[in-house]
Amino acid sequence: TATTEIYTLSLHDALPIRMKRISLTQYLVEQQREHGHIPGQLRLLIEVVARACKRIAIAVNKGALGDVLGSAGSENVQGEVQKKLDVISNEVLIEANEWGGHLAGMASEEMDSIHVVPNRYPQGEYLLLYDPLDGSSNIDVNVSIGTIFSVLRKVGHARGVSEEDFLQPGKHQAAAGYCVYGPQTTLVLTVGSGVAMFTLDRETGSWVLTQDEVHIPEDTKEFAINMSNMRHWAPPVKRYIDECLQGKEGPRAKDFNMRWVASMVADVHRILTRGGIFLYPWDKREPDKPGKLRLMYEANPMAFIVEQAGGMATNGRQRILDVAPGKLHERVSVILGSKNEVARVTGYHAEAE
Ligand code: AHM
Ligand code: MG
């Protein structure tokens with residue numbers, strides 16, 4: 001597999017001493033040669049999404065100077081106020097993707113229904129689903145945000161595309177990834193043979209492979225959950241967090257630490273980097289709503305990445321990738337990260353039943 005040796009900048013010398021750099025393109029070509037599972041259209045799709053993420057990164061970095069902060073004055077189909085950057089990022093992804101001939105259609109958190117590739121362009125065999133800018137509440141306060149995407153194959157050869165074509169369980173994803181706009185801009189990708197991370201080199205404008213074969217440690221002492229919802233949680237979630245909070249003196253016999261960025265991309269990125277567990281569970285504020293996060297373009301791509309990195313992702317009862325979606329903007333309860341912790345919370349749900 002591809003490896004990188006990156007020699008750091010010497011403080012006395014403005015130029016890297018020697019670098020063997022593997023670009024995203026090279027990585028994809030090598031994956032294709034080794035595993036033979038990245039058809040040309042899929043490779044194009046991933047490169048186009050990665051290029052769109054560069055454009056979004058530029059807009060994010062400009063902030064107030066680019067007049068991109070604040071509300072767009074509109075609401076999306078989920079009744080959430082759209083930020084200017086939500087709308088801009090959504091448009092960047094549509095514009096970048098619709099003409100290449102690799103897609104049949106797109107769906108996004110910021111669009112009520114699917115976006116079919118216009119007739120003037122050739123239709124491809126893939127479906128792209130995305131959350132163009134995840135962590136919207138962090139945009140104006142200069143905290144990490146990101147783009148999440150999921151790729152499905154259109155089944156059947158009928159012309160045209162309908163919402164039905166998108167309603168496939170996450171285990172059928174051909175690729176998934178996210179880009180985190182933080183102190184560094186990082187693209188994390190899986191095509192079903194492990195997880196790789198690429199860092200955007202701002203000087204050259206290219207994505208450079210900076211970590212391959214990402215692995216999430218099985219155990220952790222770090223949990224991520226919005227504690228302000230504690231009184232609304234279901235008993236198994238309450239039990240798990242209660243036990244973590246009891247620390248060394250409690251049944252877990254170790255102290256836990258807590259992190260909550262409120263950008264799923266940033267929380268998941270931390271877990272891929274050093275382990276941890278992330279929970280956005282069902283709660284009784286709106287009992288008919290399965291959770292806050294959306295299955296098709298938030299939970300599914302993250303679950304695919306986490307599993308490919310040796311972690312686990314469930315909704316408390318079932319593997320997220322097995323959930324059969326009933327509608328495009330379906331929500332789901334999410335528990336993902338270090339395997340042994342996710343298995344424990346999932347086990348608590350089974351015991352409670
Ligand atoms: P968004 O897609 O509208 O930004 O909402 C999703 C985000 C996640 O990134 C994050 O984990 C969660 O919402 C935070 O929610 P809360 O503000 O309830 O803590
Ligand atoms: Mg989101």
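Right above here is the structure, for reference.
Residues numbered from 1 in each chain as written. Chains lettered and ligands numbered in written order. Predicted model: local features only at pLDDT ≥ 70, side-chain atom pairs only at ≥ 80, totals over all residues. Heavy atoms only, no water.

**Q** I keep staring at the sheet that holds strand β13 (residues 222-224) and nothing clicks. Help me out?
**A** Strand pairing in a sheet relies on backbone hydrogen bonds. The paired strands run either parallel or antiparallel. Judged by pairing direction, the sheet is mixed, and its 5 strands sit side by side in the order β14-β13-β15-β19-β17 without closing on themselves. A strand with exactly one partner marks an edge of an open sheet, and here the two such strands are β14 (257-258) and β17 (312-314). Across 2 bridges, the pairing between β13 and strand β15 (residues 277-280) is parallel. Across the sheet, the residue bridging to Ala224 is Phe278, located in β15. (Pairing = 2+ DSSP bridges. Helix = DSSP H or I, 4+ residues; strand = E, 2+ residues; numbered from the N terminus.)

**Q** What am I meant to see in the site of ligand 1 here?
**A** Of all residues adjacent to ligand 1, which total 17 residues, the nearest are Asp134, Gly135, Asn226, Met264 and Tyr280. A distance of 2.9 Å separates an oxygen atom of ligand 1 from a polar backbone atom of Ser136. When ligand 1 is considered free in solution it has 480 Å² of accessible area, and contact with the protein chains removes 86% of it. Structurally, ligand 1 is housed in the largest pocket. Put simply, the parts of the chain that give the shell around ligand 1 at least two residues each are β7 (126-134), β15 and β16 (293-294). (Near = heavy atom within 4 Å. Polar contact = N/O pair within 3.5 Å; in protein donor to acceptor, adjacent residues only side chain to side chain. Areas by Shrake-Rupley, 256 points an atom, 1.4 Å probe, with all protein chains shown as cover. 1 Å grid on protein atoms, 1.4 Å probe; cavity = no way out; pocket = protein on both sides within 12 Å on 5 of 7 lines; lining within 4 Å. Sits in = over half its atoms within 2 Å of the grid points.)

**Q** What should I look at first to understand the packing of aromatic side chains in this one?
**A** Going through the model one piece at a time under the given rule, you end up with 4 aromatic pairs. Between the aromatic rings of Tyr27 and Phe198, the centroid separation amounts to 5.2 Å while the plane-to-plane angle is 75 degrees, which identifies the pairing as edge-to-face. In this pair, Tyr27 is assigned in helix α1 (residues 24-35) and Phe198 in strand β11 (residues 195-201), connecting sequence segments 171 residues apart. Look at Phe198 and you get buried, because its relative accessible area is 0%. Measuring from ring centre to ring centre gives 5.8 Å for Trp260 and Tyr280, while their planes differ by 55 degrees; the resulting arrangement is tilted. Taken together, the residues Trp260 in the loop between β14 and α6 (264-274) and Tyr280 in strand β15 connect sequence positions 20 residues apart. On the accessibility criterion, Tyr280 (10% relative accessible area) is buried. Counting every residue linked through ring pairs, the aromatic cluster contains Trp260, Phe278 and Tyr280. (Phe/Tyr/Trp six-rings, centres within 6.5 Å; stacked < 30°, edge-to-face > 60°. Buried < 20%, exposed > 50% of the residue type's maximum accessible area, 1.4 Å probe, protein only.)

**Q** What is the right way to read the coordination of the magnesium ion (ligand 2) from this model?
**A** Each protein donor to the magnesium ion (ligand 2) is listed here as Asp131 (OD), Asp134 (OD) and Glu298 (OE); together their distances run 1.8 to 2.1 Å. Written as a sequence motif, the donor arrangement for the magnesium ion (ligand 2) is D-x2-D-x163-E. With Asp131 in strand β7 and Glu298 in helix α7 (residues 295-308), this residue pair connects regions lying 167 residues apart in the sequence. Residues Asp131 and Glu298 agree in their burial class; the two are buried. (Donors = N, O, S within 2.8 Å, 3.2 Å for Na, K, Ca; no water.)

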